[in-house]
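# Working through the structure, step by step
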Amino acid sequence: EAGVTQFPSHSVIEKGQTVTLRCDPISGHDNLYWYRRVMGKEIKFLLHFVKESKQDESGMPNNRFLAERTGGTYSTLKVQPAELEDSGVYFCASSQDSVLVGAYNEQFFGPGTRLTVL
Amino acid sequence: AQRVTQPEKLLSVFKGAPVELKCNYSYSGSPELFWYVQYSRQRLQLLLRHISRESIKGFTADLNKGETSFHLKKPFAQEEDSAMYYCALTLHGSSNTGKLIFGQGTTLQVKP
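Described in the following lines is the structure provided in the data block. Just so we're clear, the structure is a prediction, and the values are computed from it rather than from any experiment.

Along chain A, the regular secondary structure elements total zero helices and 11 strands. Moving toward the C terminus, one meets the helices and strands of chain A in the order β-β-β-β-β-β-β-β-β-β-β. For 118 residues, the compact-globule formula gives about 13 Å, and the C-alpha radius of gyration of chain A, at 14 Å, lands near that figure. For the C-alpha atoms alone, the extent of chain A along its principal axes is close to 45 × 30 × 30 Å. In chain A, which comprises 118 residues, the share counted as buried stands at 48%. Surface summary for chain A: the accessible area is close to 5900 Å², and the carbon and sulfur share equals 49%. Looking at charge distribution, chain A has the averaged site of its 12 positive side-chain charges lying 5 Å from that of its 14 negative ones.

Shown next as structure tokens:
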């Protein structure tokens, strides 16, 4: 099992361009999370999928960010158009669905995608 | 709003010295607290959680609800402990969607 995978590992784009990040969760994990770490700041939650449904997107910074998880497998996070402040490391994590309501299942993180917007 | 604070950006100790990485949180409910670690060139991984009350790699952390703290401790630091450590919390109960709220992280540097 490769664990959570993310593609690309690095992306350098110019302001105004579009970038799509991809996350493949661990097989069988219904929960998929996106997080972001902007340089010098904490890792911040962006959104949470349960299967193909957005459970919580309260952390999405603005409508330039669009996340999808068609079919409940891999997820994409598109930034369009990218701005300088979008630079950072984007992490994806997945976890199993919990049998108990409200219980926490360990999140397994991907290696991250480092996005640089020039 | 929930918040996690790690006051030290960098903690540098010598091998064999005790280590304490500080973490304070603010949350009016009953959170679950975690320590995550990221070693060089590796991905973020769970180190320990307060519910399990276990010692992992010699590290322990006790939840102090009175002081709203969850400090990470190890009596004798090893060079392989050098890494970035993140304290995090998640909400407990039916409102729990599992999202993690992280502190800013503390880099632990263990010198030989």
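Attention now goes to the sheet that holds strand β1 (residues 5–7) of chain A. All names here are of chain A. Taken in spatial order, the four strands line up as β1-β3-β8-β7 in an open sheet, and their pairing is antiparallel. Looking at which strands have only one partner, the edges of the open sheet turn out to be β1 and β7 (65–68). The mean inter-strand angle of the sheet, taken between neighbouring strand axes irrespective of direction, is 15°. Both β1 and strand β3 (residues 19–24) contribute to a ladder of three bridges, which runs antiparallel. Bridge pairing in β3 places Q6 opposite C23.

It is worth spelling out the sheet that holds strand β3 (residues 19–21) of chain B at this point. Backbone hydrogen bonds are what pair the strands of a sheet, in a parallel or an antiparallel way. Residues and elements named next belong to chain B. Reading across the sheet, the three strands line up as β3-β8-β7 and stay open at both edges, with antiparallel pairing between neighbours. Each edge of the open sheet is held by one strand with a lone partner, namely β3 and β7 (60–61). Direction of pairing for β3 relative to strand β8 (residues 72–74): antiparallel, over a ladder of three bridges. Opposite L21, over in β8, you have L72 as the bridge partner.

Here the focus is the state of the cysteines. Residue and element names in this part refer to chain A. All chains considered together, the criterion is met by two disulfides over all chains. Between the sulfur atoms of C23 and its disulfide mate C92 the distance is 1.8 Å. Looking along the S-S bond of the C23-C92 disulfide, the torsion reads about -60°, which is the left-handed sense. Of this pair, C23 sits in strand β3 while C92 sits in strand β9 (residues 88–95), and the two are 69 residues apart along the sequence.

A few words now on the interface of chain A and chain B. Taken together, the contacts link 25 residues of chain A with 20 residues of chain B. A buried area of about 1900 Å², summed over both sides, lies between chain A and chain B, and 52% of it is on carbon and sulfur atoms. Where chain A touches chain B, the interface holds one salt bridge. Ionic pairing is found between D56 of chain A and K99 of chain B, a salt bridge with its closest N-O pair at 3.7 Å. At the surface where chain A touches chain B, the tally comes to six residue pairs in polar contact (both at pLDDT 80 or more). Looking at the side of chain A that touches chain B, its residues break down into 12 nonpolar, eight polar and five charged.

Conventions adopted
- Residues numbered from 1 in each chain as written.
- Chains lettered and ligands numbered in written order.
- Predicted model: local features only at pLDDT ≥ 70, side-chain atom pairs only at ≥ 80, totals over all residues.
- Heavy atoms only, no water.
- Helix = DSSP H or I, 4+ residues; strand = E, 2+ residues; numbered from the N terminus.
- Rg over C-alpha atoms; globule rule 2.2 N^0.38 Å.
- Buried < 20%, exposed > 50% of the residue type's maximum accessible area, 1.4 Å probe, protein only.
- Areas by Shrake-Rupley, 256 points an atom, 1.4 Å probe, with all protein chains shown as cover.
- Lys, Arg positive; Asp, Glu negative; His and termini not counted.
- Charge placed at Lys NZ, Arg CZ, Asp CG, Glu CD.
- Pairing = 2+ DSSP bridges.
- Axes fitted to C-alpha atoms, helices over the stretch in contact; angles between N-to-C directions.
- Disulfide = S-S within 2.5 Å.
- Contact = heavy atoms within 4.5 Å.
- Buried area = accessible area lost by both parts, 1.4 Å probe.
- Salt bridge = Lys/Arg side-chain N within 4 Å of Asp/Glu carboxyl O.
- Polar contact = N/O pair within 3.5 Å; in protein donor to acceptor, adjacent residues only side chain to side chain.
- Nonpolar A, V, L, I, M, F, W, Y, C, P; charged D, E, K, R; others polar.

Coordinates in, geometry out; function isn't part of it.
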